Amino acid sequence: MIKKAVCLVMGKFKNQNGEVILNLDNYNIGQANLTYESSDTLTKVVGFSKEVEQVIFSIVGNASNPRDQVHRAYAQIGWNDSKKNVNFIVKGSGFVNGHVLPISYLVKLKD
């Protein structure tokens with residue numbers, strides 16, 4: 001199941017002359033919970049309103065989640081033949097059904 005992103009729209013930053021120096025209209029900040037796929041994989045697919053250009057994400061670790069079992073983390077843009085989908089994946093070892101790993105992400109959407 002693909003989760004639809006809940007977005008925080010950030011807007012435009014202008015200098016003292018009113019010129020736009022940073023446009024964050026096409027950026028989304030969000031959170032997702034990666035869930036069990038196999039003993040070495042946790043994953044979550046998130047859908048966005050436009051095609052995704054770039055993704056940055058981080059694990060939100062705490063003592064009650066399996067963050068210490070993670071060996072690598074990555075995101076696949078264009079999951080399931082749609083450039084609007086991102087599959088967030090962590091690989092590790094010893095994951096069990098019921099493990100949940102929260103992440104925070106920053107996604108740049110295409111204009």
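Residues numbered from 1 in each chain as written. Predicted model: local features only at pLDDT ≥ 70, side-chain atom pairs only at ≥ 80, totals over all residues. Heavy atoms only, no water.

## Let's talk about the environment of threonine 43
Next up, step 1: Mapping threonine 43 onto the fold places it in strand β5 (residues 41–47).
Next up, step 2: Dropping the residues within four chain positions of it, threonine 43 is found in contact with Leu34, Thr35, Glu37, Asn87, Phe88 and Ile89.
Next up, step 3: In this structure the side chain of threonine 43 is engaged in a polar contact, spanning 2.5 Å, whose partner is the side chain of asparagine 87.
Next up, step 4: Among the polar contacts made by the side chain of threonine 43, one reaches the main-chain carbonyl oxygen of phenylalanine 88 at a distance of 3.1 Å. (Helix = DSSP H or I, 4+ residues; strand = E, 2+ residues; numbered from the N terminus. Contact = heavy atoms within 4.5 Å. Polar contact = N/O pair within 3.5 Å; in protein donor to acceptor, adjacent residues only side chain to side chain.)

## Looking at the side chain of threonine 41
Next up, step 1: For threonine 41, the position within the fold is in strand β5.
Next up, step 2: By relative accessible area, threonine 41 is classed as buried at 3%.
Next up, step 3: Discounting chain neighbours no more than four positions away, the residues touching threonine 41 are Thr35, Tyr36, Ile89, Val90, Lys91 and Phe95. (Buried < 20%, exposed > 50% of the residue type's maximum accessible area, 1.4 Å probe, protein only.)

## Brief notes about the pairing of strand β3 (residues 20–23)
Next up, step 1: Taken together, the three bridges between strand β2 (residues 12–14) and β3 define a ladder with antiparallel strand orientation. Residue pairing in the sheet places lysine 12 in a bridge with asparagine 23 of β3.
Next up, step 2: Two successive antiparallel strands, β2 and β3, enclose a turn made up of five residues, where glycine 18 displays a positive phi of approximately 85°. (Pairing = 2+ DSSP bridges.)

## A short note on the pattern of salt bridges
Next up, step 1: Throughout the structure, instances matching the rule amount to three salt bridges.
Next up, step 2: Glutamate 51 is the salt-bridge partner of lysine 110, the closest N and O atoms lying 3.6 Å from each other. In this pair, lysine 110 is assigned in the segment after β9 (100–109) and glutamate 51 in the loop between β5 and β6 (52–59), connecting sequence segments 59 residues apart.
Next up, step 3: Residue lysine 110 is classed as partly exposed on the basis of its relative accessible area of 34%.
Next up, step 4: Its salt-bridge partner being arginine 67, residue aspartate 68 comes within 3.7 Å of it at the nearest N-O pair. (Salt bridge = Lys/Arg side-chain N within 4 Å of Asp/Glu carboxyl O.)

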